[in-house]
Amino acid sequence: MRLTYTRLLEGDFEKKIPMGDDFSQADFVKLLARSKAVLIRSEENEAPMDVDRFASIMSSFNLKKYPYEGGAAPRRIIPVNVPGGEDLVYTANEAPPDQLIPFHHELAQVQNPPQYLFFYCDQPSEIGGETALLDSTLVYRYATDHFPEFMDKLKRYGARYIRVLPPQDDLTSPIGRSFYNTYQVKTVQEVEAKLNKITGLEYSWLPDGCLRVVSEPIPAVRFIEQQHGESIYQWTFHNSVIAAFIGWGDSRNDRKKAVRFGNDDAMDESVLEAIANFMDKNKVSYRWQKGDIFAINNRLVMHSRNSYTGPRRVYAAMFGDTVKSTVGDEAINPNASPMPSYKLHDPIAFGCWKLQDAENAVYNAIKCGYRRIDSACDYGNEKATGAAIKRAISEGLCTRSELFITTKLWNTYHQPEYVPLALEKSLQDLGLDYVDEYLIHFPISMEFVPFDKKYPPEWTNVEGKMVVVPNDINKTWRAMESLVEIGKVHHIGLSNFNCQHIRQVLSIARIRPTTLQIECHPRLSQGKIIRFAREEGMVVTVFSPMGATSYISLNMATKNEVLFDNKVVLGIAQKHQKSPGQIMLRWAIQRNTFPICKSNNIGRMRENRGLFDFYLTSDDMEQIHSLNQNKRYNDPGVFCEASFGTFCPIYE
């Protein structure tokens, strides 16, 4: 049976993409990281899938079974003829058909909700009954923009959920699951033993035999960083707050008392009503057909159920992460070493190149939330950068361990004996005992310039000449490795290297490069080298992510090349109500690269960090990709000859 998928949150329900016979676990997790929710369906000329085929497809993805523990809705197991499928498929929430099931993340009222959620339609209803979907980040943005104080409290304290559970399943209630089934136990003693292990949870037995439970504070706003090597970096309204407020009402429960802040303060009902209304107005409702499957990334997408008339059978299954990860945390290339030993919790770095007042700019950047600082000897401002770091730490804005400082080995210090000296000079100027990352700035070895004669040496020697010298870059790399071994550097990497340069280093590396830094922007998309570096287990950071802007004053670009005025970028910016700069930075992040941005303006610094409350659709990404012209601005093969009379190509 041949299958197709459709991206459910991108508006084009008619666009069906073949899955192919070799569609794998790796393909699935990447698809759900990028597209968030998809419809899987048999091709038009084939019969609809039955429930056994549904179970077989899910089993093929090799995901961890997730026990339905802690959920409020009664469920029934659906038998399937699939090995290991005894408890794989069960009914979706069987609340009465005239009731709307409000938006929520599945089991968001527990500490560790499932990652993946599936729905299968065995019989669509006559009218209504859609499983409506909603991008959780969209809700986060609305709530943050309109109710910032509410969201601050929700981030800080989380939410507590209050529910009275009956001793037997109550099928007339959308939250009628018994306490025995909810906690998957058989006796009252087992219930108490489970609940007593949960710090902060409170419970009491009522005279009628029901159990009243007040949950421990549960995180209600989550920042999702990466999933299997795919960059997400989005805030989500990850909770069941609205579902509890709207839908947790029955003969035992008052919905208006079903949720409160984690510090036990009451939530403003008018705020909850407004968020619920926003959800209803922005939901995506797709009409079920028999055999349809929804695959949902539960960390990123909320779901609900519309009311309906007529018979309806929709089944569900939920899972944790992959049983054995084949992508992301292990190397994508099976012959490569493991992925870097660090993960970037913040995808945005603040760059120090061409800053007008480096000390104040770097200090203000840290104050605005930047924790990754990209410096270099060649920028000529490491003393000012160090002063800013010292000032920020002394004022309690951050600790040293919270910062990730990158600096770079300049071209004149490639001889192995000069590598540790160059690092010591940078450490002295930065006022640091170590740097988090040290990169070889260019694959260009130049004549040594004594530190006391000219520093930083830039591109010329003391006579003003650029002199390229023979050097084995592998010996330079060996010297870089020694810096890691003595603890002066935590990670080492490469900058402005092409694929063959990287292969050369990899051929002898005992400590593999963790990072490749390259120029990249919509006019220079660099798809091949980004793929190569990632397949070799490297993080890819990108400078000049907005293109020509930084090069106009150097006569290396013209004003008509500036992308801020590009019609494609402007159109996407208007669509998302973001600036053109934010669109280009978000594009970089969603390509699994980590942009370096810089500004002397505090307002622009803040703007450049406003990237985590929206995402670009696949169509947005493709439109920006179409702007590629392989246009490189920072090219030694051009500017070295023009400025210093030395022809020095490195990318050809």
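Predicted model, so just to flag it, every value in this text is computed and none were measured.

Novice: Explain the confidence of the model for the chain here, please?
Specialist: Low pLDDT means the predicted atomic positions in that stretch should not be read closely. Residues at a pLDDT of 70 or more form 97% of the chain, whose mean pLDDT is 94. Counting interchain partners and residues more than four positions distant, the pLDDT-below-50 stretch residues 325-341 has 33 contacts.

Novice: What is the right way to read the nonpolar core from this model?
Specialist: It is characteristic of soluble globular proteins that their nonpolar side chains tend to be buried jointly. Membership of the largest hydrophobic core comes to 92 residues, with the highest contact counts inside it found for Phe 350, Val 435, Tyr 438, Trp 459, Leu 494, Ile 502 and Leu 516. For Val 435, the contacting residues outside a window of four places in its chain are Arg 400, Ile 405, Thr 407, Leu 423, Leu 427, Leu 430, Lys 488, Val 489 and His 490. Grouped together as the second largest cluster of nonpolar side chains are 35 residues, Val 241, Ile 242, Ala 244 and Trp 248 included.

Novice: Could you clarify how one ought to interpret empty space enclosed by the protein in this entry?
Specialist: Over the atoms rolls a probe the size of a water molecule, and its path tells where empty space is left. Enumeration over the complete set of coordinates arrives at two cavities of 30 Å³ or more. Computed from the structure, the largest cavity encloses a volume of approximately 50 Å³. In this structure, the largest cavity is lined by Ala 349, Arg 372, Ile 373, Asp 374, Phe 404, Thr 406, Glu 437, Gln 517, Thr 541 and Ile 596. Among the secondary structure elements, those contributing two or more residues to the lining of the largest cavity are strand 22 (372-374) and strand 23 (404-409). No other element matches the three residues that strand 22 contributes to the lining of the largest cavity. Of the residues contributing to the lining of the largest cavity, the split by class is four nonpolar, three polar and three charged. The computed volume of the second largest cavity comes to approximately 30 Å³.

Novice: Explain the packing of aromatic side chains to me, please; I cannot follow it from the model alone.
Specialist: Two measures describe an aromatic ring pair: the distance that separates the ring centres and the angle between the ring planes. Considering all chains together, one arrives at 35 aromatic pairs under this definition. Put simply, the rings of Phe 23, Phe 28, Phe 61, Tyr 116, Phe 118 and Phe 319 touch in pairs and so form one group of aromatic residues. Lys 155 extends its terminal NZ or CZ atom over the ring of Trp 235, reaching a point 4.0 Å from the ring centre. In this structure, Arg 400 is placed above the aromatic ring of Tyr 434, and the distance from its NZ or CZ to the ring centre is 4.1 Å.

Novice: Can you help me understand the layout of surface pockets in this one?
Specialist: One number sums up the size of the largest pocket: a volume of about 1100 Å³. Here the lining of the largest pocket gets three residues from one element, more than from any other, and that element is helix 19 (residues 636-644). For the lining of the largest pocket, a count of residues per class yields 18 nonpolar, 17 polar and seven charged. By volume, the second largest pocket amounts to about 830 Å³. Around the second largest pocket, the lining comprises 34 residues; the ones closest to its centre are Arg 34, Glu 230, Gln 590, Arg 591 and Asn 592. Contributing elements (two or more residues each) for the lining of the second largest pocket: strand 1 (3-7), helix 1 (25-35), strand 15 (230-236), helix 14 (527-535), helix 16 (580-590) and helix 18 (618-625). Among the elements that take part in the lining of the second largest pocket, helix 1 stands out by supplying seven residues, more than any other. A class-by-class count of the residues in the lining of the second largest pocket yields eleven nonpolar, ten polar and 13 charged.

Novice: Would you mind showing me how to read the sheet that holds strand 11 (residues 159-165) here?
Specialist: Across a sheet, paired strands are connected by hydrogen bonds in the backbone, their directions being either parallel or antiparallel. The strand order across the open sheet built from four strands is 12-13-11-16, with neighbouring strands paired in antiparallel fashion. In this open sheet, the two edge strands, each paired with only one partner strand, are strand 12 (202-205) and strand 16 (259-261). The average undirected angle you get between the axes of adjacent strands in this sheet is 15 degrees. As defined by bridge partners, strand 12 adjoins strand 13 (residues 211-214) across four bridges and the pair is classed as antiparallel. Bridging from a neighbouring strand, Trp 205 pairs with Leu 211 of strand 13.

Novice: Looking at this model, I keep getting lost on unusual backbone geometry. Mind explaining?
Specialist: Leave glycine aside and you will find that most residues have negative phi; peptide bonds, for their part, are mostly trans. Each neighbour pair has its own omega, and for Tyr 455 with Pro 456 the value is -10 degrees, a cis peptide bond. Looking at where Pro 456 falls in the secondary structure, it is placed in the loop between strand 24 (435-440) and helix 12 (473-485). At Gln 577, a position not held by glycine, the phi torsion is positive, near 55 degrees. Note that Gln 577 resides in the loop between helix 15 (567-576) and helix 16.

Novice: Hey, could you run me through the environment of Asn 81 in this one?
Specialist: Relative to the elements of secondary structure, Asn 81 occurs in the loop between strand 5 (77-78) and strand 6 (89-91). The exposed category is assigned to Asn 81, whose relative accessible area is 67%. Along the sequence, Asn 81 and Val 51 sit 30 residues apart, while their C-alpha atoms lie 8.8 Å from each other.

Novice: Sorry, what's going on with the side chain of Asn 634 here?
Specialist: Its location among the elements puts Asn 634 in the loop between helix 18 and helix 19. On the accessibility criterion, Asn 634 (13% relative accessible area) is buried.

Novice: Help me understand the sheet that holds strand 24, please; the structure alone is not making it clear to me.
Specialist: One closed barrel holds the eight strands; their spatial order is 21-22-23-24-25-26-27-28, and the pairing between them is parallel. Sheet twist, expressed as the average angle between the axes of neighbouring strands with direction ignored, equals 30 degrees. In this structure, strand 21 (residues 349-351) lies alongside strand 22, joined through three bridges in parallel fashion. By the bridge assignment for strand 22, Gly 351 is matched with Asp 374. Contacting strand 26 (515-519) and strand 27 (539-543), helix 14 runs over the sheet at an angle of about 175 degrees to strand 26.

Novice: Got a minute to help me understand the pattern of salt bridges in this structure?
Specialist: Pairs can form between side chains of opposite charge once their charged atoms are near each other. Taken as a whole and judged by the stated rule, the model has 36 salt bridges. Measuring nitrogen to oxygen at the nearest pair gives 3.4 Å for the salt bridge that ties Lys 425 to Asp 429. With a gap of four residues between them, Lys 425 and Asp 429 both fall in helix 11 (residues 419-430), about one helical turn apart. Given a relative accessible area of 10%, Asp 429 falls into the buried group. Across the pair Arg 478 and Glu 481 runs a salt bridge whose closest N-O atoms are separated by 3.3 Å. Of this pair, Arg 478 and Glu 481 both sit in helix 12, three residues apart, which is roughly one turn of the helix.

Cut-off values and rules
Residues numbered from 1 in each chain as written. Predicted model: local features only at pLDDT ≥ 70, side-chain atom pairs only at ≥ 80, totals over all residues. Heavy atoms only, no water. pLDDT = per-residue confidence, 0-100. Contact = heavy atoms within 4.5 Å. Core = buried A, V, L, I, M, F, W, Y, C linked by side-chain atoms within 4.5 Å. Buried < 20%, exposed > 50% of the residue type's maximum accessible area, 1.4 Å probe, protein only. 1 Å grid on protein atoms, 1.4 Å probe; cavity = no way out; pocket = protein on both sides within 12 Å on 5 of 7 lines; lining within 4 Å. Points joined across faces, edges and corners; volume = space filled by probe spheres on them. Helix = DSSP H or I, 4+ residues; strand = E, 2+ residues; numbered from the N terminus. Nonpolar A, V, L, I, M, F, W, Y, C, P; charged D, E, K, R; others polar. Phe/Tyr/Trp six-rings, centres within 6.5 Å; stacked < 30°, edge-to-face > 60°. Lys NZ or Arg CZ within 6 Å of the ring centre and 35° of its normal. Pairing = 2+ DSSP bridges. Axes fitted to C-alpha atoms, helices over the stretch in contact; angles between N-to-C directions. Salt bridge = Lys/Arg side-chain N within 4 Å of Asp/Glu carboxyl O.

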